[in-house]
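A structural walkthrough
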Amino acid sequence: MTNNIYTGRPSALTNVDPALFDQIEKEIDDIKQRYRTKLGPKDVAYIKGLRRNSRTFEAIGRGLLWVSPEPITWSIGVFFTWLHRNIEAIEIGHNVLHGQYDYFPEIPQFHAHNFKWKAPVDEEGWRREHNGLHHVHTNVFEMDPDLNHGILRTNELTPWNKRHLFQVPVYLFGAYPTMLYQFNAQNLGFGQKFRERAFPEGNKGYALVDTAGESDDELAKPNSRSIWRILAKEYVVFPLLAAATGFSGLKVLLGNALADVINNYWVSMTIQATHFTEPLQSADALKHKGHWYLSQLESSVNFKGSRRMSILWGHLNYQIEHHLFPDIPSHHYPDMAKEVKAVCKKYGVDYKCNPTWGRAIRNYMSVMWKHSFPPATQPQQSNAGTGHA
């Protein structure tokens, strides 16, 4: 048995009977097929209802920020503006870009390749990195770009350098308040170019994204376009309109900024706490679909929450189901989770779920803190993944 380099727990996928791969493949495929046959008008109504609610929240929030005479109504305006930004970012945007609503010809605006994200993220770069790499090679060393990103170090196989000493404050007070604005750096390859220049061993320990041979100038265009469409709306257009109509443009600007920061923290703490505390995986998992399903089960962890709160987490509190069924509309995950959990119990597979979001965040922060410091000894790479020069 090999130990999980994060927590010391043994990896459940060491010396597994290959017959289990076939059994898990059939069980998970059966769940997926059952829910695919259920897709229909209720799913269309769900995503259209989300967009309608998002627009309502936006109108309430921006209106209150605009005309609020005192701090209480201004704070309520911030809350509703955040609700709008949150729903658009993760329950609509992230899930739509996984193709969850491509099944329905009557809503082409929610098809992945038509969708324009109300977030400062280039859609094509996101699909290429997030869908094509992270979801395929989850927690595989030097193959999953989301495992270590930016300057982050989350395991002992990644070479340590002095910048890692500061990763906790850098992320808490720099990266997380602006996380959505940082995604393009990862997805379009700017982060890996920085590490190549700044880190003693360059990108060793970090997965590389394929930029399809595009130059920095070519990559800068979608980066600037996606970021400025949000910055211009939030920090130029709405404040100027408020000022032009006799209200406080500064008050609107500050409200938009606070909603933006809250949303970035919320998204960061949701997505960061559901993989990094879990074991590294073998690149060999792709050789068998059942093995790959098991690797998704072991590399992901859920946290408990109500169905209503799950919407605000983009249903990423069901991270296991999201990785097993990324193209099934996310509102089905609470029901699918019951079936996945039953399969895990049947075959003696660990189904991991933190009791609260707070516990999930605490576990992640402990990993982040631990790997800020140099290891006592430099570990040898095992079959956790495949390295690159």
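Being a predicted model, the structure only gives us computed values, none of them experimental.

This brings us to the side chain of Thr 270. Summarising the element assignment, Thr 270 is placed in helix H9 (residues 249-271). A polar contact of 2.7 Å, which involves the side chain of Thr 270, links it to the backbone oxygen of Trp 266.

Here we come to the nonpolar core. Within the largest apolar cluster, 57 residues are counted, with the highest numbers of intra-cluster contacts made by Ile 47, Ile 92, Tyr 101, Phe 110, Tyr 176, Tyr 364 and Met 368. For this core, the element with the most residues is helix H3 (residues 71-96), which contributes 10 residues. For Tyr 101, the contacting residues outside a window of four places in its chain are Asp 43, Tyr 46, Ile 47, Val 96, Ile 107, Phe 110, His 111, Pro 329 and His 331. Grouped together as the second largest cluster of nonpolar side chains are 24 residues, Leu 324, Met 336, Val 343 and Val 349 included.

Attention shifts here to the pattern of salt bridges. Opposite charge on two side chains allows them to pair when their charged atoms are near. Under the criterion given, the structure shown has 18 salt bridges. The salt bridge partner of Asp 327 is Arg 36, with a shortest N-O separation of 2.8 Å. Of this pair, Asp 327 sits in the loop between helix H12 (319-324) and helix H13 (333-347) while Arg 36 sits in helix H1 (residues 18-38); the two residues are 291 residues apart in sequence, bridging distant segments of the chain. For Glu 58, the salt bridge identified is with Lys 233, shortest N-O distance 3.3 Å. Taken together, the residues span a long stretch of sequence, with Glu 58 in helix H2 (residues 41-67) and Lys 233 in helix H8 (residues 216-244) at a distance of 175 residues. Classification of Lys 233 by relative accessible area gives partly exposed; the value is 27%.

What follows is about the packing of aromatic side chains. A complete count under the given rule lists 17 aromatic pairs for this structure. Between the aromatic rings of Phe 199 and Tyr 206, the centroid separation amounts to 5.9 Å while the plane-to-plane angle is 65°, which identifies the pairing as edge-to-face. Across the pair, Tyr 206 and Phe 199 agree in class, each one buried. Ring plane angle 75° and centroid distance 5.0 Å describe the contact between Trp 369 and Phe 373, whose orientation is recorded as edge-to-face. Given a relative accessible area of 52%, Trp 369 falls into the exposed group. Over the ring of Tyr 35 we find Lys 38; its NZ or CZ atom is 4.2 Å from the centre of that ring.

The rules we used
- Residues numbered from 1 in each chain as written.
- Predicted model: local features only at pLDDT ≥ 70, side-chain atom pairs only at ≥ 80, totals over all residues.
- Heavy atoms only, no water.
- Helix = DSSP H or I, 4+ residues; strand = E, 2+ residues; numbered from the N terminus.
- Polar contact = N/O pair within 3.5 Å; in protein donor to acceptor, adjacent residues only side chain to side chain.
- Core = buried A, V, L, I, M, F, W, Y, C linked by side-chain atoms within 4.5 Å.
- Buried < 20%, exposed > 50% of the residue type's maximum accessible area, 1.4 Å probe, protein only.
- Contact = heavy atoms within 4.5 Å.
- Salt bridge = Lys/Arg side-chain N within 4 Å of Asp/Glu carboxyl O.
- Phe/Tyr/Trp six-rings, centres within 6.5 Å; stacked < 30°, edge-to-face > 60°.
- Lys NZ or Arg CZ within 6 Å of the ring centre and 35° of its normal.

So far we have only geometry, and geometry alone does not tell us how the molecule works.
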